[in-house]
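Structural overview
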Amino acid sequence: MKQYVWTRAATMGAAALLAVGGAGGVAAAADDEAPEAPVVTSTEYPDDDNWHDGVGSYGTFVIDSASEDVVSYRYAWLGGPTRTLTPAEPGAPVSLRWMPEKEGPTYLQVQAVDSTGHISARITHYVLVRDGRAAVTHWDPDSQSGAVIGPGVGLGASGPSGTGVASAAAFDGTDEGYASLDTSADLSRTFSVDAWVRPDDLVGSSTAVSHPGFSLGTLAGSAYFFELANPDGGDTIRVTGGAPEEGEWAHLTGVYDAEQKTASLYVDGVSAGTVVGAVASGGTGSLRLGADGEGGHWSGLLTDVNVWDRVFVPGEITAAATRKAQRLGYWDLESATDGKSPAYAGGAPLTLAGDASIYAATDDCPWNPDCTPVTYPMVGNGDLLLDGDGDHATTPTALTPTDAGFSAAVHVRLPEDIPARDMTVLSQPGENTDLFTLRYVAASGTWQAVVAHEDRADAPTTTVSAPLEPYPPGGDHFLAVVYDEATDQLRLYVGADYPADTARVAGVDAWAPTGDLQIGRTLSEDGGTDHLAGEIDEIHTYAGAVSRTQLAFLAAGGTDS
């Protein structure tokens, strides 16, 4: 649990700024005719300076004033809008149901309103909210929770990269491809379920996780689904969304909120849809993985299955579905020894070739007013200087995509007189073609990132491009290329704010780089072409898709580590 400093006096100062009635509302100041201030009580979330359960769990707040002519209560949570509750009859109490979505301190403010419009003094009910309860059922190949596993399940596969899930199980799509385990969740009440899934066959519908009360899987290969059994025996309640792809991981979450009577599906942390008016039948029986009598057997990988007896809230879902990019290499290009510039935080050194050198400018301008100012490196105290006539550098740390994609970022400075020819910044060769190229194209005056869909000489390619900025600060062009396997998007950034260009591409996770990463050239039969004339600094390569936050650090010369 995070540590918080709870100071009521400080919070009351913030509370004074919260006008419960809102701008233009009835004046909040109490007078002699105002009703008695209400009293708030809650069994689940009492105001007692103790931490109480918890994110995703509902609680009841009873609000009551001693005045018999109270006809409504105004209330607002910290930072939230003002709302109104009306008692069944004047002077009667009201009940408020509330579910916290964040851990930490918060408060509820309430005022009573009588039949003449007079408003009571405002009272404040403080709440300390714990983190959400852990899953009541969990399964993965390393923590099987007593599951019975059929002979059609193979262990030893890798989990989705960029997550904390190390292993996965392969289900063969037959009657024998199943795992069964008990769950203590009451599925007629609020519950949530999630899993990492990777389908290998999308010909028909298939079920990854099921129970007599729900199922989670793919619908005829066209979408993912979350289904609830109907207690009246009618049609199932189904939410669909997302676009399954064979061999591609996805994080699925189904949430049944019995309080709101909603069923929701999230795919890769994003809401895919919600059905309102949903009522679950619940039902008894074991949790079933990989096999279902009606939905079809699961063919593919499955791991990290969880069932909660509460709402798994959107912030938690996003965190569970996030795949962090994993650094392959980082070269700051501050120095070189014996023709090698060292790597930091991952990667092998860069080997300098031709007349390539590390440029570190110094001058005496702080002491000599007659000096001639020099151009400083883009980041730090050095960068890689290339003359465009055979200079380049290489490293065996190849740009290797994973099942989450890849990313590369670099700072580039071109000379004032830009050569009228194409020049390569980075390239990653395969056995038969360049799998990835980041380059300057002279004819159009643009930056281009080109990705081959597979490693063959005539492979189709996808290109994203952006115009060359004529006068970047200090001549520093920050370029980043991100391929996100989850969305099949290839993005080119010139600066870190927004992608300059985006295109859809698939199949990149099949790469198998066979050569060194090339800096300042692309390989060809004659030993290399399209040599860069200019400077390169701060090279970063990742397996997986880096976030906008990470890009902002890299653009500013940071290392995000």
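In this numbering scheme, every chain counts its residues from 1 along its sequence in written order. Local features are withheld for residues below a pLDDT of 70 in this predicted model, meaning they are given only at 70 or higher, and side-chain atom pairs are given and counted only at 80 or more; totals for whole chains, interfaces and linings count all residues. Derived side-chain values reflect all non-hydrogen atoms in the structure, with water molecules and hydrogen atoms excluded from consideration.

Below, the discussion takes up the environment of Asp 383. Positionally, Asp 383 belongs in strand E28 (residues 383–387). The exposure class of Asp 383 is buried, given its relative accessible area of 0%. The spacing of Asp 383 and Ile 149 is 234 residues in sequence and 56 Å in space, taken between C-alpha atoms. By definition, residues are in contact when any of their heavy atoms lie within 4.5 Å. Beyond its immediate stretch of four places on either side in the chain, Asp 383 contacts Leu 333, Ser 357, Ile 358, Tyr 359, Pro 377, Met 378, Arg 413, Glu 535, Ile 536 and Asp 537. Within the local environment of Asp 383, its side chain forms a polar contact with the backbone nitrogen of Met 378, the two atoms lying 3.3 Å apart. Numbering of helices and strands starts at the N terminus; helices are DSSP runs of H or I of at least 4 residues and strands are runs of E of at least 2. With a 1.4 Å probe rolled over the protein chains alone, any residue whose accessible area is under 20% of its type maximum counts as buried; one over 50% counts as exposed, and the rest are partly exposed. Any N or O atom pair separated by 3.5 Å or less is treated as a polar contact, with the protein-specific requirement of one donor-capable and one acceptor-capable atom, and with residues adjacent in sequence counted only for side-chain atom pairs.

Attention now moves to the pairing of strand E36 (residues 489–494). Any two strands between which DSSP finds at least two bridges are classified as paired. Inspection of the sheet shows strand E35 (residues 477–484) paired to E36 by six bridges, in the antiparallel sense. Following the sheet pairing, Ala 480 is matched in E36 by Tyr 493. Connecting E35 to the next strand, E36, in antiparallel fashion are four residues, including Asp 488 with a positive phi near 55 degrees. Taken together, the five bridges between E36 and strand E37 (residues 499–504) define a ladder with antiparallel strand orientation. Its bridge partner lying in E37, Leu 492 is registered against Asp 501.

Our focus in this paragraph is unusual backbone geometry. A positive phi is found at Asp 530, a non-glycine position, where the angle reads about 55 degrees. Topologically, Asp 530 is positioned in the loop between strand E38 (517–519) and strand E39 (533–543). You can call Asp 530 partly exposed: its relative accessible area is 31%. Phi angles above zero are rare outside glycine, and Glu 538 is one such case at about 50 degrees. One can find Glu 538 in strand E39. Assessed through its relative accessible area of 3%, Glu 538 is described here as buried.

For helix H3 (residues 548–555), the complete set of buried residues consists of Gln 550, Leu 551 and Leu 554. Each buried residue of H3 sits inside an arc of 100 degrees when the element is viewed along its axis, so together they form one side. Following H3 by one or two positions, Gly 557 adopts a phi angle in the positive range, close to 90 degrees. In this context, the arc is that of the directions from the helix axis out to the C-beta atoms.

Attention now moves to the packing of aromatic side chains. Think of it this way: a Phe, Tyr or Trp ring, Trp meaning its six-membered ring, pairs with another when their centres are within 6.5 Å, and the plane angle makes it stacked under 30 degrees, edge-to-face over 60, tilted otherwise. With the rule as written, the count across this model stands at 15 aromatic pairs. Note on Phe 214 and Phe 226: the rings are 6.3 Å apart at their centroids and 55 degrees apart in plane angle, and the pair reads as tilted. Highlighted residues: Phe 214 in strand E16 (residues 214–219) and Phe 226 in strand E17 (residues 223–228), separated in sequence by twelve residues. Taken individually, Phe 214 and Phe 226 each receive the classification buried, so the pair is uniform in this respect. Through pairs of rings, three or more aromatic residues link up here, namely Tyr 45, Phe 61, Trp 77 and Trp 98. The criterion is that NZ of a Lys, or CZ of an Arg, lies within 6 Å of the ring centre and within 35 degrees of the ring normal, and then a charge sits over that ring. One residue, Arg 288, lies across the ring of Tyr 178, its end atom 4.4 Å from the ring centre.

Bringing the side chain of Ser 427 into the picture now. If you trace the backbone, Ser 427 turns up in strand E31 (residues 423–429). Separated by 2.8 Å, the side chain of Ser 427 and the backbone oxygen of Arg 521 make a polar contact. Sequence-distant contacts of Ser 427, that is, excluding residues within four places in its chain, are made with Phe 436, Thr 437, Asp 516, Leu 517, Gln 518, Arg 521, Thr 522 and Leu 523.

Our next topic: the confidence of the model for the chain. A residue's pLDDT is simply how confident the predictor is in it, with values from 0 to 100. The predicted model of the chain averages 90 in pLDDT, with 90% of residues at 70 or higher. With pLDDT under 50 throughout, residues 9–31 is counted as low confidence; its partners more than four residues away or in other chains account for 35 contacts.

A word on the side chain of Ser 180. The topology assignment puts Ser 180 in strand E13 (residues 179–181). Assessed through its relative accessible area of 16%, Ser 180 is described here as buried. Ignoring sequence-local partners within four residues, the contact set of Ser 180 consists of Gly 146, Ala 147, Val 148, Ser 286, Leu 287 and Arg 288.

The topology assignment puts Arg 439 in strand E32 (residues 434–441). Judged by its relative accessible area of 27%, Arg 439 falls in the partly exposed class. Taking the C-alpha atoms as reference points, Arg 439 and Leu 532, 93 residues apart in sequence, are found 8.8 Å from one another. With residues up to four places along the chain from it excluded, the contact list for Arg 439 reads Met 423, Thr 424, Val 425, Thr 446, Trp 447, Gln 448 and Val 450.

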